[in-house]
Amino acid sequence: MRRISRREFLRICTGATAGIGLLTALEPTIVNTLAQAAEGKPPVIWLQGSGCSGCSVSLLNTVSPSIEKVLLDIISLKYHNTLMASTGAKAYNFLAEMADKYAGQFVLVVEGGISTAAGGAYCYIAETEDEREISMLEALKHFGSKAAAVVAAGSCASFGGIPGAAPNPTGVVGVWEIIKDRPVVNIGCCPMHPDDFLGTLVYMLKYDDIPELDEYNRPKMFFPDIIHVGCPRCGYFARGIFAKNPGDEGCLAFVGCKGMVARARCHQRQWNNGTNWCIAAGAPCQACSEPTFPDECSPLYGRYRVSD
């Protein structure tokens, strides 16, 4: 069975394009190798805070390979309150059991922002057998302290996202503002791209390390450059042709596009298995990959001052 070097893994991750799922690009034999690498490795625990479950839906939309293969062969997902059948104290007991069994080894994935106001009282995610409610803030501190590393899945978990927008009465923040004593990998975008998430997780499982990160703790291999560089409408910008309304022909810079500041690979991977992405649909990029989203990305459909 063919082995894959770290250099080759990075090359494939950065080269995978729309219509070719990351794990498909890695070839079946390599996927099997990764599955073997993951076999017997610590499990993944997934917690959800303040969010819409869109990042879970994004992960479930992966079809190459199927979500069944991802969950059963590529990663060992032990706890996910949206996907699992168990509920209540029984589910929480299992969560605590897995965290204790694999303390210092498991990967904690967090979806959604962390509500900090009123001691976290605006976001309860579980309860114990004595009916004590567990807030997301408490769960993150407790289980985050036992994890080997934490992956913040999506804009909300990474930087607060829409739940953390002004006036933010529930005090939502990103995971890395709570967890300070261990690595936090931020997978930006609203929702996260499944290839970015799976590629990061497989990298961590296979190489027992985290990928190289940028200044916002995003994996450089998935957030290498601004969208404007590879935008199919970039030619319009060079010729000074600007759309007056979303959907018009031309560069969308005057109708709210933030592709000049958004660092992501949406134009290469696209969404929903390569079906489309915002700019191709005639909508301006809102820079949901950035920590400034959404408060500092206004106006949504007016001219955005890049100098700001």
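The structure this text deals with has already been given above.
Residues numbered from 1 in each chain as written. Predicted model: local features only at pLDDT ≥ 70, side-chain atom pairs only at ≥ 80, totals over all residues. Heavy atoms only, no water.

A.B. asks: Explain the nonpolar core residue by residue, including any values.
C.D. replies: Among the nonpolar cores identified, the biggest contains 28 residues, and Ile45, Leu47, Leu108, Val110 and Val175 are the most heavily contacted of them. Going through the elements one at a time, strand 1 (44-48), helix 6 (88-101), strand 3 (107-111), helix 7 (136-144) and strand 7 (149-153) are the ones with two or more residues in this core. Not counting chain neighbours up to four residues away, the residues in contact with Val175 comprise Val110, Ile114, Leu140, Val150, Ala152, Ala157, Ser158 and Val184. (Core = buried A, V, L, I, M, F, W, Y, C linked by side-chain atoms within 4.5 Å. Buried < 20%, exposed > 50% of the residue type's maximum accessible area, 1.4 Å probe, protein only. Helix = DSSP H or I, 4+ residues; strand = E, 2+ residues; numbered from the N terminus. Contact = heavy atoms within 4.5 Å.)

A.B. asks: Lay out the state of the cysteines in plain terms, naming residues and giving numbers.
C.D. replies: For the coordinates displayed, the defined rule picks out 0 disulfides. Cysteine Cys288 shares no disulfide, and the gap to the nearest cysteine sulfur, in Cys189, comes to 4.4 Å. Cys288 gets classed as buried once you look at its relative accessible area, which sits at 17%. (Disulfide = S-S within 2.5 Å.)

A.B. asks: Outline the layout of surface pockets, listing residues and values.
C.D. replies: Of the pockets and cavities examined, the largest pocket occupies roughly 390 Å³. Every residue lining the largest pocket is counted, 22 residues in all, and those nearest its centre are Cys190, Trp271, Cys278, Gln286 and Cys288. Residue composition of the lining of the largest pocket, grouped by class: 18 nonpolar, 4 polar and no charged. (1 Å grid on protein atoms, 1.4 Å probe; cavity = no way out; pocket = protein on both sides within 12 Å on 5 of 7 lines; lining within 4 Å. Points joined across faces, edges and corners; volume = space filled by probe spheres on them. Nonpolar A, V, L, I, M, F, W, Y, C, P; charged D, E, K, R; others polar.)

A.B. asks: Give a description of empty space enclosed by the protein that names residues and reports values.
C.D. replies: Per the stated rule, a full pass over the model turns up 3 cavities of 30 Å³ or more. Lining the largest cavity, in full, are Ile227, His228, Cys231, Arg233, Cys234, Cys251, Leu252, Ala253, Cys257, Gly259, Met260 and Ile279. Here the residues of the lining of the largest cavity sort into 9 nonpolar, 2 polar and 1 charged. In this structure, the second largest cavity occupies an estimated 40 Å³ of space. Cys189, His193, Asp196, Ala264, Arg265, Cys266, Arg269 and Trp271 together form the lining of the second largest cavity.

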